[in-house]
Amino acid sequence: MLKPGANLLGMNLVKAGVITQEQLEEALKRQDPKKGGKGFLGATLVELGYCTEEDIAQVIARQNGVPYVSLETFAADPQAVGLIAPEVARRYRALPIGFQNGKLVVAMKQPRDVIALDDLRIITGREIQPVVIPDSQFDAAMQRYSQSGLEVELAAAEEEVAEEVVAGLDEAAQRPAVQLANAIFNQAVWASASDVHIEPLEKSLRVRFRIDGVLHNILQPPRHLHASLVSRIKVMANMDIAERRVPQDGRFTLRVEGKTIDVRVASLPGSYGEKLTLRLLDRSVRLISLEELGFPPEVLANYRKVMRRPYGLILVTGPTGSGKSTTLYATLSALNTPEKHVVTVEDPVEYRLDGVNQIQINPRAGLTFATGLRSILRNDPDIIMVGEIRDRETARIAVEAALTGHLVLSTLHTNDAAGAVTRLGDMGIEPFLTASSLVAVVGQRLVRVLCPQCAQSYELGREELLAGVPDFPLDDGEKTITLYRPGGCLRCSHTGYRGRMGVYELLLVSETIQRLTLERAPAREIKEAAVAEGMVTFRRDGLLRVKQGITSLEEVMRVTA
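In this convention, every chain numbers its residues from 1, walking through the sequence in written order. Totals for whole chains, interfaces and linings use every residue, but because this is a predicted model, local features are given only for residues with pLDDT of at least 70 and side-chain atom pairs only at 80 or more, for both listing and counting. Remark: hydrogens and water are excluded; side-chain values derive from all non-hydrogen atoms of the structure.

Labelled according to an unreviewed UniProt entry, the chain appears under the name Type II secretion system protein E, originating from Desulforudis audaxviator. Listed under Sequence similarities (unreviewed entry) in UniProt, the entry text for the chain is "Belongs to the GSP E family." UniProt positions are given in the numbering used here, feature names are shortened, and annotations may be inferred rather than shown by experiment.

The structure is reproduced here in structure tokens:
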């Protein structure tokens, strides 16, 4: 029997009727250090499904005699947020969110911490009204709030930018641009954005982030900051700030909260001024393994067999931003052993792989994919990775390398796997060379994963579903099906999605596919033959993920329609 007072929170949850005594005892057993248990009781109860974070926060609020608040319905006041510095908020685990009856409303993990309350009263000059919010909301809001106080610096390990002041601007004029650039980088890293778009409009300036493959409006700074902001970023990227009429490319490296971020910058002249697009690559992100990519088990098994072949050409296809490079890096990681000499030629080198010789192309110096590939072939490689096949010359060298005893991995921009076969023909590769060298094509897309905190279930009848999606994989006798749609909460920034996963199709080049290639058959016939031989298209793979509740029907239709 549990001793009274053994856990005050647990006993209060029992008294409130949120959990039973038996559930509390089971949760405490899970926490027993002698049995390998760890963590907080509340997290254990939520993990077991006995209660929610909201239930716990409400009981803690009653236990401490303070109000309960949910940030889902409470609109934070920017003036209140600015009264406590981020480092102070982190120290006291206290988050200012608004005003009430002349008091500063502060969400706190320990709402009865007298020392913290006194210090906050002195710092802000206001009486403090502590409140309790759910832990997940507190952690997400604190992370975002903490980012606002971070400083961004150019990484010392990279090429130093000697000129820190933008030419033509005095220090006073430059300061807002520096602060704005820092705020953009901080927010982009916090939001895990892959791209930042800085776009001048007629009367405003728009900053958008691409998060999980979709663009979101983030900031609308004053229009007059455009010139200085663009100049600031172009100086960081070693671009010509005096040239605004032609597109330019540049790159630099940042450190943000201990993370090293590679930034590629591309400028584009527009009607209202220069547009900048920034691609962010986080070096600290761990490389994903093949198992984590999301391949269906049978597809992964077939892909592993193909990539272990001693020679041949393997292509990964899909639009920009569909995860092709991630798939190639995961493949290289699996193939990278001391017995193999692995060489890559890339633009740019996105991830550093130990034991792999990686070459960064430099067109200005004459080092292109084609010239780099020729040089690689003179260095006795076993496995070659070409970042992208962009032209006929690169395609021909890659095909010839695959025919002469090398395993060649590369990417190609086509709509699906079957399209890669005809695309090589369009680039001038003879059908007999393609049929002899190509061993497999991976087609892929990225779909957003539903946020587990706020996904909403709904039911559809068989006829209604098949009327809209005739190829939905329903089982015989399945009259209704439960699907999920995005909701929106603080954890997912009210998008309804958190993270992405791949949907795939694997085309294995069989004798039938080789014959169709030699006959210059259209991509449609090649796809039909591959499906007849067992290929699961990425559309069907995506619909199966919808059926599993991993993503939404609308999301799969968006990326595969």
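Once you've had a look at it, read on.
Attention now goes to the overall build of the chain. By definition, any uninterrupted DSSP run of H or I lasting at least four residues is a helix, any uninterrupted run of E lasting at least two residues is a strand, and each is numbered from the N terminus. Of the regular secondary structure elements, the chain holds 21 helices and 19 strands. With the C-alpha coordinates of the chain rotated into their principal frame, the extents come out at 80 × 70 × 50 Å. Looking at the 561 residues of the chain, the share that counts as buried comes to 49%. In what follows, a contact means two residues having at least one pair of non-hydrogen atoms within 4.5 Å. A sequence separation of at least 24 residues applies to 62% of the contacts in the chain between residues at least 6 apart. All accessibility values rest on the Shrake-Rupley procedure with a 1.4 Å probe; residue burial counts only the protein chains present in the view. Just so you have it, the chain exposes about 27,500 Å², and 49% of that area is on carbon and sulfur atoms. Of note, the chain has its 66 positive side-chain charges centred 1 Å away from the centre of its 70 negative side-chain charges. A 1.4 Å probe rolled over the protein chains alone gives each residue an accessible area, and that area as a share of the maximum for its type sets the label: buried under 20%, exposed over 50%, partly exposed in between. Positive: Lys, Arg. Negative: Asp, Glu. His and the chain ends are not part of the count. The location of each charge is read from NZ of Lys, CZ of Arg, CG of Asp or CD of Glu.

Moving on, we come to the pairing of strand S12 (residues 342–346). A large share of S12 lies buried, amounting to 5 of its 5 residues. Residues of S12 alternate between two faces, with Val342, Thr344 and Glu346 on one and Val343 and Val345 on the opposite face, all of them buried. At least two bridges found by DSSP between two strands is the condition for calling them paired. Pairing geometry for S12 and strand S14 (residues 383–386), over 4 bridges, is parallel. Opposite Val343, over in S14, you have Ile384 as the bridge partner. Examined bridge by bridge, S12 and strand S13 (residues 357–360) share 4 bridges and lie parallel to one another. The residue of S13 that forms the bridge with Thr344 is Gln358.

Right, let's talk about unusual backbone geometry for a bit. You will see that Asp212, though not glycine, has its phi angle at about 55°, which is positive. Take Asp212: it is sitting in the loop between strand S6 (205–211) and strand S7 (214–219). Of note, Asp380 is a non-glycine position whose phi angle comes to about 55°, a positive value. Inspection of the secondary structure puts Asp380 in the loop between helix H13 (369–377) and S14. When its relative accessible area of 63% is taken as the criterion, Asp380 is described as exposed.

To continue, consider the pattern of salt bridges. Salt bridge, as used here: a side-chain nitrogen of Lys or Arg that lies within 4 Å of a carboxyl oxygen of Asp or Glu. Tallied over the full model, the rule gives 25 salt bridges. Ionic pairing is found between Asp118 and Arg121, a salt bridge with its closest N-O pair at 2.6 Å. Taken together, the positions of Asp118 and Arg121, both in helix H7 (residues 114–124) and 3 residues apart, correspond to about one turn of that helix. With relative accessibility at 28%, the residue Arg121 sits in the partly exposed group. Ionic pairing is found between Arg524 and Glu528, a salt bridge with its closest N-O pair at 3.6 Å. Of the two residues, Arg524 and Glu528 are both situated in helix H19 (residues 523–532); the distance of 4 residues between them amounts to about one turn of the helix. Assessed through its relative accessible area of 52%, Arg524 is described here as exposed. Residue Glu528 is classed as partly exposed on the basis of its relative accessible area, which comes to 46%.

Let us look at the domain arrangement of the chain. Domain boundaries assigned for the chain yield domain 1 (170–282) and domain 2 (297–446 + 503–536). Each of domain 1 and domain 2 has a C-alpha centre, and these two points are 33 Å apart. Facing the 6 residues of domain 1 at the interface are 7 residues of domain 2. When two parts are put together, the accessible area they lose, computed with a 1.4 Å probe and summed over both, is reported as buried area. Taking both partners together, domain 1 and domain 2 bury about 460 Å²; carbon and sulfur atoms supply 41% of that area. Interface area lost by domain 1 to domain 2 is led by Arg251, Arg264 and Leu281, which between them contribute 63%. Along the contact surface separating domain 1 from domain 2 lie 1 salt bridge. For Asp262, the salt bridge is made with Arg352, and the minimal N-O distance between the two is 3.6 Å. N or O atoms within 3.5 Å of each other form a polar contact, as long as, within protein, one can give a hydrogen and the other can take it, and as long as residues adjacent in sequence are counted only when both atoms are side-chain atoms. On the surface where domain 1 and domain 2 come into contact, there are 0 residue pairs in polar contact (both at pLDDT 80 or more). Taken together, the elements giving at least two residues each to the side of domain 1 that touches domain 2 come down to strand S9 (259–270) and strand S10 (273–282). The element that contributes the greatest number of residues to the side of domain 1 that touches domain 2 is S10, accounting for 3 residues. When the residues that make up the side of domain 1 that touches domain 2 are grouped by side-chain class, the tally is 1 nonpolar, no polar and 5 charged. The source of the domain bounds is an automatic or database domain assignment. Any residue outside Ala, Val, Leu, Ile, Met, Phe, Trp, Tyr, Cys, Pro, Asp, Glu, Lys and Arg is labelled polar, Gly included; the first ten of those are nonpolar and the last four are charged.

Looking now at the sheet that holds strand S15 (residues 407–412). Pairing is mixed in the open sheet, where 7 strands are placed in the order S13-S12-S14-S15-S11-S16-S19. Edge positions in the sheet fall to S13 and strand S19 (497–508), since each of these pairs with one other strand and no more. Each neighbouring strand pair of the sheet contributes to a mean axis angle of 20°, computed without reference to strand direction. Judged from the 10 bridges that link them, strand S16 (residues 438–450) and S19 form a sheet pairing that is antiparallel. Counterpart to Val441 in the pairing with S19 is Leu507. Docked against the sheet, helix H11 (residues 297–307) engages strand S11 (312–317), S15, S16 and S19, running at close to 60° with respect to S19. Between N-to-C directions, angles cover 0 to 180 degrees, with each direction set by a line fitted to C-alpha atoms, over the stretch in contact for helices.

A few words now on the packing of helix H15 (residues 417–426) against H19. Where H15 meets H19, the axes come as close as 8 Å, and the angle between the chain directions of the two elements is 140°. The orientation of H15 with respect to H19, classified from their angle, is oblique. Of the two elements, H15 crosses H19, and the hand of that crossing is right-handed. For the pair H15 and H19, the contacting residues are Ala418, Gly419, Val421 and Thr422 in the first and Ala523, Ile526 and Lys527 in the second. Grouping the constituent residues of the contact of H15 with H19 by class yields 4 nonpolar, 2 polar and 1 charged. Angular relationships are summarised with four words: roughly parallel below 35 degrees, roughly antiparallel beyond 145, roughly perpendicular across 65 to 115, and oblique for the angles in between. The handedness criterion is simple: a crossing whose near helix is rotated anticlockwise from the far helix by less than a right angle is left-handed, and one whose near helix is rotated clockwise is right-handed.

Below, the discussion takes up the pairing of strand S2 (residues 103–108). S2 sits mainly inside the fold: 5 of its 6 residues count as buried. In this structure, strand S1 (residues 94–100) lies alongside S2, joined through 6 bridges in antiparallel fashion. Within S2, the residue paired with Ala94 across the bridge is Met108. Hairpin remark: S1 followed by S2, antiparallel, with 2 residues in the connecting loop; positive phi at Asn101, about 55°. Seen with the strands pointing away from the viewer, any crossover whose path from the first strand over the helix to the second strand runs clockwise is right-handed. Following the chain from S2 across H7 to the adjacent parallel strand S3 (residues 128–131), one finds a crossover that is right-handed.

All right, on to the UniProt feature "domain: Bacterial type II secretion system protein E" (unreviewed entry) in the chain then. Mapped onto this numbering, the UniProt entry annotates "domain: Bacterial type II secretion system protein E" (unreviewed entry) at residues 377–391. Taken end to end, residues 377–391 comprises 7% helix and 27% strand; its first and last C-alpha atoms sit 18 Å apart.

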